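# Structural description and commentary
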Amino acid sequence: DANSEQQSDCRGREIPFLPDSGGGALTMATTEIGDIKFVWDTGAVPNIILASRAKGENLTISARNTVTLNQVVFNDHDFGPIEFKVWDFPVTPPFDGFIGHVFFRDRVVCVDFPGNRLFVSD
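What comes next is a walk through the structure. Throughout, residues of each chain are indexed from 1 in the direction in which the sequence is written. Owing to the predicted nature of the model, reporting of local features is limited to residues with pLDDT of at least 70; listing and counting of side-chain atom pairs is limited to 80 or more, with chain, interface and lining totals taken over all residues. Only hydrogens and water are removed before side-chain values are computed, so all heavy atoms of the structure are retained for them.

### Digging into the nonpolar core
Counting 26 residues, the largest nonpolar core has Trp 40, Ile 49, Phe 74 and Phe 84 as its most contacted members. Secondary structure counts use DSSP, requiring at least four H or I residues in a row for a helix and at least two E residues in a row for a strand, with both numbered from the N terminus. Every element with two or more residues in this core is listed here: strand S3 (34-40), helix H2 (51-54), strand S5 (66-69), strand S6 (72-74), strand S8 (82-87), helix H3 (101-106) and strand S11 (117-120). A contact between two residues is defined here by any heavy atoms of the two lying within 4.5 Å. Look past the residues within four positions of Trp 40 in its chain and what remains in contact with it is Ile 15, Ala 25, Thr 27, Phe 74, Ile 99, Phe 103, Phe 104, Val 109, Leu 118 and Val 120. In this description, a nonpolar core means a group of buried Ala, Val, Leu, Ile, Met, Phe, Trp, Tyr and Cys residues linked to one another through side-chain atoms lying within 4.5 Å. Whether a residue is buried, partly exposed or exposed follows from its accessible area with a 1.4 Å probe, protein chains only, as a fraction of its type maximum: under 20%, in between, or over 50%, in that order. Of all hydrophobic cores here, the second largest spans seven residues; its members include Leu 18, Leu 26, Ala 44 and Phe 98.

### A short note on the side chain of Asn 47
Looking at the element boundaries, Asn 47 is found in the loop between S3 and strand S4 (48-50). For Asn 47, a relative accessible area of 4% translates into the label buried. Under the rule applied, a polar contact is a pair of N or O atoms within 3.5 Å (in protein, one hydrogen donor and one hydrogen acceptor; residues adjacent in sequence only if both atoms are side-chain atoms). At a separation of 3.4 Å, a polar atom in the side chain of Asn 47 contacts the main-chain carbonyl oxygen of Glu 83. Discounting residues that sit within four places of it in the chain, Asn 47 has contacts with Ile 82, Glu 83, Phe 84, Lys 85, Phe 98, Ile 99, Gly 100, Val 102 and Phe 103.

### Looking at the pattern of salt bridges
For this analysis, a salt bridge means a side-chain nitrogen from Lys or Arg found within 4 Å of a carboxyl oxygen belonging to Asp or Glu. Evaluated as defined, the whole model comprises six salt bridges. We note a salt bridge from Glu 83 to Arg 64, for which the minimum N-O separation is 3.0 Å. Of this pair, Glu 83 sits in strand S8 while Arg 64 sits in the loop between H2 and S5; the two residues are 19 residues apart in sequence, bridging distant segments of the chain. Among the residues examined, Glu 83 registers a relative accessible area of 42% and is labelled partly exposed. For the salt bridge of Arg 105 with Asp 106, the shortest nitrogen-to-oxygen distance reads 3.2 Å. The residues Arg 105 and Asp 106 share a single accessibility class, namely exposed. Each of Glu 14, Asp 112 and Arg 117 takes part in salt bridges that share partners, so that together they form one network.

### Let's talk about the sheet that holds S8
Taken together, eight strands build an open sheet; the order of strands is S5-S8-S4-S9-S3-S2-S6-S7 and the sheet is mixed. At either margin of the open sheet sits one strand with a lone partner, and together these are S5 and strand S7 (77-78). When DSSP finds two or more bridges between a pair of strands, those strands are recorded as paired. Relative to strand S9 (residues 97-99), S3 runs parallel, the two being bridged by three bridges. Across the sheet, Phe 38 pairs through a bridge with Gly 97, a residue of S9.

See the structure below:
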């Protein structure tokens, strides 16, 4: 519903939603630990990866309970390195983590729900 001036700000790397997004912004990233399914959520302050997804991998989890993924590739473009908080969830959701506010803070991100995609500035 953006006007044409607002739409012109939506440029950058196109990242399609997964077919099973169910109306949300759910995407897949290729990382050094394999494919990870992320929800894009400005309400999540940090970037988050589920502990169940991070543990058992060859990752160094800091004393602050963070981990840095050096390779985070969405639709053939690497946005890494990205730091993630490692969180336990009481119930395993149908995704592996969140792209949170700290990612949105540093980039222009346009969410095109009718087009089932995001545009992310470099």
